[in-house]
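Structural characterization, general
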Amino acid sequence: MTFYDIMPRVAYLIAVAMLGWYTSKKLSINAKDIANLLIYIFSPIVCFVLILNSPASVSYVMYSVVFYVVSCIAAALAYFVGRLLWKDNRANLFGAAGGQGNVGYFVLPLAIGLLGGTADGAAAISIIVFAKVASSIYEFTAAYYLTARGRYSAKNSLMRVLKMPTLHAAVLALILKSFHFALPGVLKGGVDSFVGAYTTLGMMIIGMSLAKFDKLVPDWKFAILSIIWKQGLYAAVIILIFSRFHLTHYEYVVMVMLACNPLPANIAAVASALDVHPEKAAFAIMLSTLMAVVTVPLTLWLVL
């Protein structure tokens, strides 16, 4: 994997984010409304579809469990560090963003483009699908709770999390998949279209969050420290842990990609929905995605 493999994909993601900025400026579309659409409609449908459509068996759910637990531990540690760095709710946002990376919009399409076409590659991509399921559940449970705690009480934040439909959609999909249920052809073609729209809206929300402010003052401290945590410390620890496992080449490539990818784009949607520094989240995510052009191929080259 080289700079030239990743650059076109990253450029496309940045272009979509800038389209969100332009749309918000010209049409005065509210980023918070789009964020709620992503959280309550698109995310549960996409999570449901990815599980049902995955060629892997339900046994692959162990990857979701492991990835979710790792994300929660990383988020708790990031929040603890954030409390030492900031005395306001930026610490909550730092914790939420520090738990994982951009699995759905960055790793999954990148892996399909680079690893597709072989049986081993398909198996490795299935791991990412279930990591994406864990990612969606994390973003709208643990990360949502951490971010909400920046504005609301523990009880209020927990009640908000319990209303998140993504977790319910994932459980329902796993139950149906265990009974080998498949969506009817007409319905399957319809809901599959949500996946592409989910990626597009997810990246557009970053630009929309930036467009919300007439004069944006970047929080360089928050952005740089978030990137150091996620694409530096987090990546190094995950790679070190999984280097002890007996993984195939493709599986190891996937684990490295899951470790060193940029900050999660959906944190911008969560921050916007809860009004917890959405511009800081959006700027950090945009900078992190730009840096991924270098950090992802460099990390893969160093490790592999």
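Since we're looking at a predicted model, the values are computed, not measured.

1. Quick look at the packing of helix α10 (residues 185–211) against helix α13 (residues 266–274)
Viewed as axis vectors pointing N to C, α10 and α13 meet at an angle of 55°, and their least axial separation amounts to 8 Å. By the angle between their directions, the pair α10 and α13 is classed as oblique. The two elements α10 and α13 meet at a crossing, and its hand is left-handed. Where α10 abuts α13, its residues Y198, I205, I206 and S209 lie against N266, A268, A269 and S272. Here the residues of the contact of α10 with α13 sort into five nonpolar, three polar and no charged.

2. Regarding the confidence of the model for the protein
Keep in mind that low pLDDT regions are not for reading the predicted coordinates in detail. With 94% of its residues at a pLDDT of 70 or more, the protein shows a mean pLDDT of 84. Within the protein, the element-level pLDDT minimum falls on helix α5 (residues 103–115), averaging 78, and the maximum on helix α4 (residues 90–97), averaging 94.

3. Observations regarding the packing of helix α11 (residues 220–242) against helix α12 (residues 249–260)
Where α11 meets α12, the axes come as close as 7 Å, and the angle between the chain directions of the two elements is 155°. Taken as axis vectors, α11 and α12 run roughly antiparallel relative to one another. Along this stretch, α11 crosses α12, giving a crossing that reads as right-handed. Every residue of α12 that contacts α11 at K230, Q231, Y234, A235, I238, I239 and F242 is listed here: Y252, M255, V256, L258, A259 and C260. When the residues that make up the contact of α11 with α12 are grouped by side-chain class, the tally is eleven nonpolar, one polar and one charged.

4. Quick look at a nonpolar patch on the surface
A cluster of nonpolar residues, M18, L19, W21 and Y22, forms a patch on the protein surface that exposes about 390 Å² of accessible area. Topologically, L19 is positioned in helix α1 (residues 3–27). The class of L19 is partly exposed, set by a relative accessible area of 44%.

5. Overview of the environment of G101
Within the fold, G101 resides in the loop between α4 and α5. We classify G101 as buried; its relative accessible area is 1%. Expressed as a C-alpha distance, the spacing of G101 and Y234, which sit 133 residues apart in the sequence, is 9.7 Å. Here G101 is in contact with S135, K230, N261, P262, L263 and P264, once residues within four sequence places are set aside.

6. Points about the packing of aromatic side chains
Counted under the stated rule, the structure contains seven aromatic pairs. With a centroid separation of 5.6 Å and an interplanar angle of 55°, the aromatic rings of W86 and F222 are classed as tilted. Note that W86 is positioned in the loop between α3 (61–85) and α4 and F222 in helix α11, a separation of 136 residues in sequence. Centroid distance F94 to F222: 6.3 Å. Interplanar angle 75°. Geometry classified as edge-to-face.

Criteria and cut-off values
Residues numbered from 1 in each chain as written. Predicted model: local features only at pLDDT ≥ 70, side-chain atom pairs only at ≥ 80, totals over all residues. Heavy atoms only, no water. Axes fitted to C-alpha atoms, helices over the stretch in contact; angles between N-to-C directions. Helix = DSSP H or I, 4+ residues; strand = E, 2+ residues; numbered from the N terminus. Parallel < 35°, antiparallel > 145°, perpendicular 65-115°, else oblique. Left-handed = near helix turned anticlockwise from the far one by under 90°. Contact = heavy atoms within 4.5 Å. Nonpolar A, V, L, I, M, F, W, Y, C, P; charged D, E, K, R; others polar. pLDDT = per-residue confidence, 0-100. Patch = residues over 30% accessible without salt bridge, like charges linked within 9 Å, V, L, I, M, F, W, Y side chains within 5 Å. Areas by Shrake-Rupley, 256 points an atom, 1.4 Å probe, with all protein chains shown as cover. Salt bridge = Lys/Arg side-chain N within 4 Å of Asp/Glu carboxyl O. Buried < 20%, exposed > 50% of the residue type's maximum accessible area, 1.4 Å probe, protein only. Phe/Tyr/Trp six-rings, centres within 6.5 Å; stacked < 30°, edge-to-face > 60°.

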